[in-house]
Amino acid sequence: MNRQSTSAYWVLALLSLAVLIPMASLLAVGRLPGFESSDLQFWHSSYIRRVLFFSFWQAFLSTIISLGLALLVARSIAFRGNFLLRNLLLKLFGLPIVVPSIVAVMGVVSVYGAEGWIPLGRSLYGLNGILIAHVFFNLPLAVRLLLPVWQSLPDHYWQLADQLRFTPWQRWVHIEWPAIRESLPGVALLVFMLCLTSFAVVLTLGGGPKSSTLEVAIYQSLRFDFDPTQAVILALLQLSLCLVVAFLGLSLQKLPEVEINISATSYARHTKNLLLHNTVILLAAIFVALPLLAMIIDAIRGPVIEVLGNSKLWLASAYTLMIGLSAAFCSVLAGWLLLRSSSELANRGKVNRAKWIELAGSVVYVLPPLVLGTGYFVLLAPHVDVFDWVFPIVILINSMMGLPFVIKVLSPAMRKNQMRYQNLCCSLALRGWHKFRWVDWPLLRRPMGLAAALVAAMAMGDLGVIALFGSVDTTTLPLMLYQQLGAYRIPQAAVSAVFLLLMCLIVFWLLERGLGGKYHVQD
Amino acid sequence: MFKIEQLSFSYHQQQNAEMLFDLDAKPGEILSIIGPSGCGKSTLLNLIAGFLPAQSGHISIDNEFIENLSPAQRPLTMVFQQHNLFPHLDLYTNVALGINPSLKLSEEQKNEVSDALKKLGLSGLEKRKPGQLSGGQRQRVALARALVRHHKVLLLDEPFAALGPALRQELIELLKSLVQQKSMIALLVSHQPDDALQASGRTAFIHQGRVCAIDETAKLLNNTDNKDIRSYLGSL
């Protein structure tokens, strides 16, 4: 075993400790004070039954709606070929990954809420609101994942279809659907998992026990009912659910590659339904842009000076920034170390071992942050004041959550480098620092910048673990926002929300450009 | 003198050697290596360079055995079919890396880099990036780097495969004069019997992991008795 593999096993060892120790403390539920064995018979509790059902139901509906609409939108974009503003549209569809969920929720409320621009019914709180917010996040994501499928279809197919005089329906049946069917289960699994473990959306838009999910119920048990036993049982339930769903999904299909750059197609496809496609694209763009726009308008009208003058905002910003940057650093470092080994192994023909390493690094994908958080909570609570540990824990969990994204973004570039330049570097005796300085860094800084930017933005906007561990003194911007909403200080919240949004976007941009550099390497 | 004796290799570790090579070449010589795809031409070069581990056998340069050295320690330079240059570094830097990976060069070494580029007709292009060059120019840079490394043995893995006939001929002539001047030993893996004819006095024909004929190039290519050569060339 050489040095490079060793570093990966160190990372994996640390990662498994960080996962297994809190999991073990969840499984030791019987030792919690106040535990009675009847607590384990959760199916007797109508509350838990209801929460369980609702978790599934909302995730199921969100997935169906998001994917159904995404298929329409992606197809329209694909058939429109190159059009003006195409890149802008795809950038817009990339936004929801970076937008903090609580900010998006506020935007959705000010568009579709009872007093919004387009009121949908009497109240948005409950299933309706949750579905709209989930579609806001997952429709653009699914479009970006599905669009490459159309683009991977060779031109000849369309020329052939024209020659054979296929109707649009026949084109769909014979050409498009067979390709889509390959990647649909993977995308569906991803969206379903995201909705099943979604926290901020359900916390803010769910109303009481009628529309609460496991993820939120865990939080409520810990922070409001002070009932760690119930929290642990809910967390174990949530964990088993996620594992079952992941195994089902994985047995259907491998996870899709996250396509970050979608290049424009070089050909226009013959289509007669231009009007239809344009309408679909326009509606989708409006649906995604509207909540963000509403948010910004609310903020401009809000008490900007008052909010910006509040020192608490700046303290919270500093914490938020620190969490984001630390998580990005840890996550990218860990991902890089893992991939250094896996790409080297893959290059030596040990593809299975390489896959195994990357899969192990991505396994956190099936562990909901609140479940991990609960594990740490019950692990640490008897021994220390958990609220003193908020930042290390939040950074640790957010780094782990970011790792699958880092691996997805970095892996193709690192594999390519390894394949192309490993022998060359070997024969030139380029290693260690010199190899990093002259070869790895210049060729990897772009994907590394992107990975760091993604993790930082997600960690900064995260309202999950911080809600478990945060207190009045240790507040991040998302948590502060939630507290403002809870106190019905909506105008102030609108300003803070846009402040947070801008901060995420600026940090994203700075990391992507600053680390990534400006120039583009020509092959 | 460059010598390979009973060098064996197998892609499946447990099995007996699938490949077994014996070869020799002398200073100033370009030995061409031809054979059908999958016969083991590239494997042979990778074994010599140390990118693949040999099961047994010896590789020697002037009676010194190198089979136990790491790829970086072996006194030889390999030129690949593509990706010889780092796309983000300019030509000067790409060549300079061949002298010292830290890029700390003495004045003398700097001049050497410029001289090598000049010798290959690349002066004035020092600051260009590989992406701004033609395929032929890029392979010239790779050869320039091989020159500054002052290694006795040069391994060329189909370096001209992506080039047109005229460029190929031109580069082969250049290679011949460099190898003779510096009395290097070059092993040229090639897909084109014409290249072998132009470049090499002697050529080795590899078939199923064995050197099954080694002879004067013209003689080898006209050897009508060997049915493997015949079926490879598709003639007669």
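Residues numbered from 1 in each chain as written. Chains lettered and ligands numbered in written order. Predicted model: local features only at pLDDT ≥ 70, side-chain atom pairs only at ≥ 80, totals over all residues.

(A) Structural view of the overall build of chain A. Helix and strand counts for chain A stand at 20 helices and zero strands. For the C-alpha atoms alone, the extent of chain A along its principal axes is close to 70 × 60 × 50 Å. Long-range pairs, those at least 24 residues apart, make up 83% of the contacts in chain A with a sequence separation of at least 6. (Helix = DSSP H or I, 4+ residues; strand = E, 2+ residues; numbered from the N terminus. Contact = placed C-beta atoms within 7 Å.)

(B) Main features of the overall build of chain B. Of the regular secondary structure elements, chain B holds eight helices and ten strands. Against the globule reference of 18 Å for 236 residues, chain B gives a C-alpha radius of gyration of 18 Å, in line with a compact fold. By residue count, 40% of the 236 residues in chain B fall in the buried class. In chain B, the share of contacts with a sequence separation of at least 24, taken over all contacts with a separation of at least 6, comes to 65%. (Rg over C-alpha atoms; globule rule 2.2 N^0.38 Å. Buried ≥ 20, exposed ≤ 12 C-beta atoms within 10 Å, placed from the backbone.)

(C) View of helix 17 (residues 432–460) of chain A. Spanning 29 residues, helix 17 of chain A covers only 33 Å between terminal C-alpha atoms, well under the ideal 42 Å at 1.5 Å per step. At A:Arg445, helix 17 of chain A is bent by approximately 55 degrees, the largest bend along its length, and proline A:Pro447 sits one to four residues beyond. (Expected span 1.5 Å × (residues − 1). Bend = angle between axes of the 7 residues up to and from the residue.)

(D) Layout of helix 5 (residues 165–181) of chain B. Residue and element names in this part refer to chain B. Here helix 5 is 17 residues long and its end C-alpha atoms lie 24 Å apart, about the 24 Å a rise of 1.5 Å per residue gives. Listed in full, the buried residues belonging to helix 5 are Arg-168, Leu-171, Ile-172, Leu-175 and Leu-178. Angular distribution of buried residues about the axis of helix 5 spans 125 degrees; they occupy a single face of the element. Across from the buried face of helix 5, at angles greater than 90 degrees, the exposed residues are Ala-166, Glu-173, Ser-177 and Gln-181. Buried residues in helix 5 make contact with strand 3 (30–34), helix 4 (135–148), strand 8 (185–189) and helix 6 (193–199). (Arc of directions from axis to C-beta.)

(E) The interface of chain B and chain A, seen in detail. Taken residue by residue, the interface counts 18 residues in chain B and 17 residues in chain A. A per-class count over the side of chain B that touches chain A returns ten nonpolar, seven polar and one charged. (Nonpolar A, V, L, I, M, F, W, Y, C, P; charged D, E, K, R; others polar.)

(F) Layout of the nonpolar core. Counting residues in hydrophobic clusters, the biggest one holds 233 residues, and the most contacted among them are A:Ala451, A:Val455, A:Ala456 and A:Ala497. The element best represented in this core is helix 16 (residues 390–427) of chain A, accounting for 18 residues. (Core = buried A, V, L, I, M, F, W, Y, C linked by C-beta atoms within 7 Å.)

(G) Spotlight on the packing of helix 9 (residues 214–223) of chain A against helix 15 (residues 369–380) of chain A. Residues and elements named next belong to chain A. In contact at an axis separation of 10 Å, helix 9 and helix 15 are set at 25 degrees when each is read in the N-to-C sense. Taken together, the axis directions place helix 9 and helix 15 in an arrangement best described as roughly parallel. Between helix 9 and helix 15 the crossing geometry is left-handed. Every residue of helix 15 that contacts helix 9 at Glu-215, Ile-218, Tyr-219 and Leu-222 is listed here: Leu-370, Thr-374 and Phe-377. Across the contact of helix 9 with helix 15, the residue classes break down as five nonpolar, one polar and one charged. (Axes fitted to C-alpha atoms, helices over the stretch in contact; angles between N-to-C directions. Parallel < 35°, antiparallel > 145°, perpendicular 65-115°, else oblique. Left-handed = near helix turned anticlockwise from the far one by under 90°.)

(H) Geometry of unusual backbone geometry. Residue and element names in this part refer to chain B. The backbone of His-83 sits at a positive phi, close to 55 degrees, despite the residue not being glycine. Here His-83 shows up in the loop between strand 6 (76–79) and helix 2 (91–96). Non-glycine residue Leu-103 carries a positive phi angle of around 65 degrees. Summarising the element assignment, Leu-103 is placed in the loop between helix 2 and helix 3 (107–119). We classify Leu-103 as partly exposed; it has 14 C-beta atoms within 10 Å.

(I) View of the confidence of the model for chain B. On average, residues of chain B score 89 in pLDDT, and 97% of them are at 70 or above. Taken together, the chains of this predicted complex give a pTM of 0.83 and an interface ipTM of 0.78. (pLDDT = per-residue confidence, 0-100.)

(J) Local environment of the pairing of strand 1 (residues 2–9) of chain B. Of the pairings in the sheet, the one linking strand 1 of chain B to strand 2 (residues 19–25) of chain B comprises six bridges and is antiparallel in character. Paired with B:Leu7 across the bridge in strand 2 of chain B is B:Phe21. (Pairing = 2+ DSSP bridges.)

(K) Spatial organisation of the domain arrangement of chain A. Residue and element names in this part refer to chain A. The domain architecture assigned to chain A consists of domain 1 (43–295) and domain 2 (302–523). Domain 1 and domain 2 are separated by 22 Å when their C-alpha centres are compared. The partner domain 2 presents 30 residues to the 30 residues of domain 1 that form the contact. Its residues assigned to classes, the side of domain 1 that touches domain 2 comprises 23 nonpolar, four polar and three charged. (Domains from an automatic or database assignment.)

(L) Layout of the environment of A:Leu428. As for its placement among the helices and strands, A:Leu428 is situated in the loop between helix 16 and helix 17. Considering only alpha carbons, one finds A:Leu428 and A:Ser46, 382 residues apart in sequence, at a separation of 68 Å. Setting aside its immediate chain neighbours within four residues, A:Leu428 contacts B:Leu97, B:Gly98 and B:Pro101.

(M) Structural view of the packing of helix 16 of chain A against helix 17 of chain A. All names here are of chain A. Packing of helix 16 against helix 17 leaves a shortest axis separation of 9 Å and a crossing angle of 165 degrees. Taken together, the axis directions place helix 16 and helix 17 in an arrangement best described as roughly antiparallel. Between helix 16 and helix 17 lies a crossing of right-handed hand. For the pair helix 16 and helix 17, contact is made by Asn-398, Met-401, Gly-402, Phe-405, Val-406, Val-409, Leu-410, Ala-413, Met-414, Asn-417, Tyr-421 and Cys-425 and by Lys-435, Val-439, Leu-443, Leu-444, Pro-447, Met-448, Leu-450, Ala-451, Leu-454, Val-455, Met-458 and Ala-459, respectively.

(N) Structural context of the environment of A:Leu147. Residues and elements named next belong to chain A. Structurally, Leu-147 can be placed in helix 5 (residues 127–152). Judged by the 21 C-beta atoms lying within 10 Å of it, Leu-147 is buried. Residues Leu-147 and Arg-75, 72 residues apart in the sequence, show an inter-C-alpha distance of 7.3 Å.

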